[in-house]
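What the coordinates show
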Amino acid sequence: MLKLGLTLFCVLCACAPTWSTRTVDSHLGTKDLTRLQKVFVEGFGSNDLQAIFFSSLNIQLTDATQKEPLCKKISALHEESKLNSFEKDYYFIGASKNLGCSAKLEEALLSKVYSSLDSELGSTQEIYYRLVTHKALGVQVSEATQAKVVKRLQELLKKDDTLTGLGYGFNVAVQLGSGAAFIANRVEDAIVQADEVDGKLLQFEGGLSITSLIINGAFGVAKAYNKPAPVSAAQAVKFANYFLSRRSVQSAKGAHVLIEALKTIGASEKIAPICVQLIGNGQLDAQSPALNIAIVDLLGKPLSPAPKVITAKVFNKKDNSVLAEKITVTSKSSDKTTYVADLASLKPVRGIYEAELSADGVYTQSVQFKVLGRVKVQSLEVGIAESDASAATRKQSVTYPSKLKETLSADTTQKLLLRTVLVEESNNKPLAVHQAFVRLYNKETDKEIIFVAEQDSSKAYKFDMDIGSNGKNFNYQSGTYNIYLTVGDASLSNSFEWLVAEIQLKFNEDREVKSKTPSGPRPEIVHQFRVPDKRPPRIVSDIFTGLCITPLVLLFIFWGKLGVNVSNFTLAPSTIGFHVGFGGILLLFFVFWLQLNMFQTLRLLIPIAIFTFLTGNRLLRRLYALRNSKNPSSTSS
């Protein structure tokens, strides 16, 4: 029972409608094709033999003054090219034929091409280029040579089953006829290696060139040997999405293979996707809601044959309520590319909708659109009230789009009030909008202040401004201000700004302030170092210096009383060097105290200290040896 339930579930899932069956939402439009044509034109001016060849495939030059220089140019580029010999030979011969060059091809080149298929061909790529070069020259390949090439192709594919090898192998098989039918069994091996991106795209590793090579070859094999299409309808949609995503290609070869791949997929009637997309921005006016749809092939051309029956199911996205189960979509243009669904009879209200389109029950696509509403000002009142509510509010009604004839007047003890009710024009129901602003603008100063109008519980928009507390926002500048009401919403077709009235504002003169942003250059900023701290009195410095010198003075006093033993002082280099170095260190410290800084002192101290260390070490070793020579008994013990 469980197995039966799972089986039924899978069947129902398979039968469920998919609202993007065999359709894509874009195509190569006129702008895209024009830009790609520009790429081909620029290819003629490049110094790339490959670019000139692919440009000549897509644009036919008729001006002899342009063709002859190009013919000389490709001949020079052919000699200089670092491409494989078989590849550059094909580009040169093909471009010469496409341009209709008057100069004959060299016999050495033709002889090499004619004998190339008799040699040991090293890759499927070389086989392909040699075969298409023969085709470009109009040379028929003998059956014996074809059989030899087929055998070599089988050997190469056993060793090289990479995507590139298979791609060229497919395109070679198309040239070889029935003898290469074995290649049809390898198509599935290549297709399964496609990488899926975000569940929407299919591509092969290597990018546009490899993907186009495999797709063109696989479809060519299917056609040559009467096999089913190499990909499913769902895969065809994903491959088409990938190719359309590469429409910004900048090279002549890329532009050519892109167009050829889309032509190849579009030519397979049983799986070819079509483009179904909205025309315009998808915003419909509630008064005349007409949904315009473009239905074309991948290159933006009319479908042949054109769809016979196109219907749409329309429902509201907000609550999923169905507005219409089946609306007829009719052709609007003579070329059968533009279709329209008239939704006026449905009387759609403002909101977001979705239409599920079906063409001949084969192609389905879901498109989203928005019906714009119209706002109406049901009422508006503006008035002046006392801030302390000591007197009744004076309110006056204004009818849209008129302006209040009387100029209002208010000072800092009063406040400005505005209340308006916005309704939808179709049903007179209160409306909430994204933007509701009150703008006060002074013509004399060209300054404006914008306030937000808030919606209250009764769905009316209110604005309440205390003039005294908001004086700072106006820089306390008295004068006549225009009062504007601004209403805007992405779902409205008639957003507006309305001049409601004029008001004379009076601020206290003693609080007027200058502009916070004075004109003219700002004063120069001059960097100043911190002022040094105040030095102590001179007597403090003298006492500190005396204390520092005291040990040295005591040393000389003790030497005078006790005497100085210099009996062990010798004139050896180590003795003199150590004492000179030690004296130098003391002298350096003295100079440091007078004028040097720490970094200058360290740079001088390091070499003196190293010299003093080496000579002192030498001196101590000599004294130790001298002591041992005088007391041999002590060393023996």
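Residues numbered from 1 in each chain as written. Predicted model: local features only at pLDDT ≥ 70, side-chain atom pairs only at ≥ 80, totals over all residues. Heavy atoms only, no water.

**Examining the sheet that holds strand E15 (residues 408–411)**
Here we have five strands laid out as an open sheet, ordered E15-E22-E21-E17-E18, and mixed in their pairing. Bordering the open sheet on either side are E15 and strand E18 (447–452), each of which pairs with just one other strand. Sheet twist, expressed as the mean angle between neighbouring strand axes with direction ignored, is 30°. Bridge count for strand E21 (residues 479–488) against strand E22 (residues 496–506) is nine bridges, and the pairing is antiparallel. Within E22, the position partnered with Leu-485 by the bridge is Trp-498. (Pairing = 2+ DSSP bridges. Helix = DSSP H or I, 4+ residues; strand = E, 2+ residues; numbered from the N terminus. Axes fitted to C-alpha atoms, helices over the stretch in contact; angles between N-to-C directions.)

**Quick word on the layout of surface pockets**
Considered as a void within the structure, the largest pocket measures approximately 850 Å³ in volume. Contributing to the lining of the largest pocket are 28 residues, with Tyr-90, Tyr-128, Asn-171, Asn-216 and His-256 lying nearest its centre. With seven residues, helix H11 (residues 208–224) is the single largest residue contributor to the lining of the largest pocket. Tallied by class, residues from the lining of the largest pocket come to 14 nonpolar, 10 polar and four charged. (1 Å grid on protein atoms, 1.4 Å probe; cavity = no way out; pocket = protein on both sides within 12 Å on 5 of 7 lines; lining within 4 Å. Points joined across faces, edges and corners; volume = space filled by probe spheres on them. Nonpolar A, V, L, I, M, F, W, Y, C, P; charged D, E, K, R; others polar.)

**Some words on helix H4 (residues 64–80)**
In this model H4 runs 25 Å from its N-terminal to its C-terminal C-alpha over 17 residues, within 8% of the 24 Å that 1.5 Å per residue would give. Residues Lys-67, Leu-70, Cys-71, Ile-74, Leu-77 and His-78 constitute the buried set of H4. The buried residues of H4 occupy one face: seen down the axis, they fall within an arc of 135°. Exposed and oriented more than 90 degrees from the buried face of H4 are Thr-65, Lys-72, Glu-79 and Glu-80. On its buried side, H4 packs onto helix H2 (30–44), helix H3 (49–58), helix H5 (85–99) and helix H6 (107–115). (Expected span 1.5 Å × (residues − 1). Buried < 20%, exposed > 50% of the residue type's maximum accessible area, 1.4 Å probe, protein only. Arc of directions from axis to C-beta. Contact = heavy atoms within 4.5 Å.)

**Details of the pairing of strand E10 (residues 338–342)**
E10 sits mainly inside the fold: four of its five residues count as buried. Pairing between strand E6 (residues 290–296) and E10: five bridges, direction antiparallel. Within the sheet, the bridge partner assigned to Ile-293 lies in E10 and is Tyr-339. Note: strand E9 (residues 330–331) against E10, two bridges, orientation antiparallel. When the sheet's bridge partners are listed, Ser-331 is paired in E10 with Tyr-339. Where E9 folds back on E10, the antiparallel hairpin that results is connected by six residues, among which Lys-336 adopts a positive phi of roughly 60°.

**Notes on the sheet that holds strand E19 (residues 454–455)**
Pairing is antiparallel across the open sheet formed by five strands, whose spatial order is E14-E13-E16-E20-E19. At either end of the open sheet lies a strand with only one pairing partner, and these are strand E14 (394–397) and E19. With 11 bridges joining them, strand E13 (residues 375–386) and strand E16 (residues 414–424) adopt antiparallel strand pairing. Paired with Val-382 across the bridge in E16 is Leu-418.

**Let's talk about the pattern of salt bridges**
Applying the stated criterion across every chain yields a total of 16 salt bridges. Between Asp-89 and Arg-130 there is a salt bridge whose closest N-O contact spans 3.4 Å. With Asp-89 in helix H5 and Arg-130 in helix H7 (residues 124–137), the pair connects residues that are 41 residues apart, well separated along the chain. Classification of Asp-89 as buried rests on a relative accessible area of 0%. Asp-456 is paired through a salt bridge with Lys-462; the nearest N and O atoms lie 3.4 Å apart. Judged by its relative accessible area of 21%, Asp-456 is partly exposed. Through salt bridges that share partners, Asp-89, Lys-112 and Arg-130 make up one connected network. (Salt bridge = Lys/Arg side-chain N within 4 Å of Asp/Glu carboxyl O.)

**Remarks on the state of the cysteines**
The tally for this structure, following the rule as stated, stands at one disulfide. Between the sulfur atoms of Cys-71 and its disulfide partner Cys-101 the distance amounts to 1.9 Å. Between Cys-71 and Cys-101 the disulfide shows an S-S torsion of about -90°. By sign, it is left-handed. Pair noted here: Cys-71 is in helix H4 and Cys-101 is in the loop between H5 and H6, with a separation of 30 residues, a long-range link. Grouping residues by exposure puts Cys-71 and Cys-101 together as buried. (Disulfide = S-S within 2.5 Å.)

**A few points about a nonpolar patch on the surface**
Residues Ile-549, Leu-552, Val-553, Leu-554, Leu-555, Phe-556, Ile-557, Phe-558, Trp-559 and Leu-562 make up a contiguous nonpolar surface patch of roughly 980 Å² in combined accessible area. Classification of Val-553 by relative accessible area gives partly exposed; the value is 42%. (Patch = residues over 30% accessible without salt bridge, like charges linked within 9 Å, V, L, I, M, F, W, Y side chains within 5 Å. Areas by Shrake-Rupley, 256 points an atom, 1.4 Å probe, with all protein chains shown as cover.)

**Examining the environment of Ser-26**
Looking at the secondary structure, you find Ser-26 in the loop between strand E1 (23–24) and H2. The class for Ser-26 is buried, based on a relative accessible area of 18%. A polar contact is formed between the side chain of Ser-26 and the side chain of Arg-247, at a distance of 2.9 Å. (Polar contact = N/O pair within 3.5 Å; in protein donor to acceptor, adjacent residues only side chain to side chain.)

**Re unusual backbone geometry**
With an omega of 0°, the peptide bond running from Ser-304 to Pro-305 counts as cis. Within the fold, Pro-305 resides in the loop between E6 and strand E7 (310–316). Put simply, Tyr-400 and Pro-401 share a cis peptide bond, and its omega is 5°. Mapping Pro-401 onto the fold places it in the loop between E14 and E15. Its identity is not glycine, yet Asn-475 carries a phi of approximately 55°, on the positive side. The residue Asn-475 is located in the loop between strand E20 (461–466) and E21 in this model. Residue classification places Asn-475 among the partly exposed positions, given a relative accessible area of 25%.

**Observations concerning the nonpolar core**
The biggest cluster of nonpolar side chains holds 88 residues, and the ones touching the most others in it are Phe-170, Phe-204, Phe-239 and Phe-243. Not counting residues within four places of it along the chain, the set of residues in contact with Phe-243 comprises Leu-208, Thr-211, Ser-212, Ile-215, Leu-258, Ala-261, Leu-262 and Ile-265. Of all hydrophobic cores here, the second largest spans 38 residues; its members include Val-438, Leu-440, Tyr-461 and Leu-492. (Core = buried A, V, L, I, M, F, W, Y, C linked by side-chain atoms within 4.5 Å.)

**A closer look at the packing of H7 against helix H9 (residues 163–176)**
At their nearest, the axes of H7 and H9 sit 8 Å apart, and the two run at 30° to each other. For the element pair H7 and H9, the recorded crossing hand is left-handed. Of the residues in H9, those in contact with Thr-124, Gln-125, Ile-127, Tyr-128, Tyr-129, Leu-131, Val-132 and Lys-135 of H7 are Thr-164, Gly-165, Tyr-168, Gly-169, Asn-171, Val-172, Gln-175 and Leu-176. Looking at side-chain class alone, the contact of H7 with H9 contains eight nonpolar, seven polar and one charged residues. (Left-handed = near helix turned anticlockwise from the far one by under 90°.)

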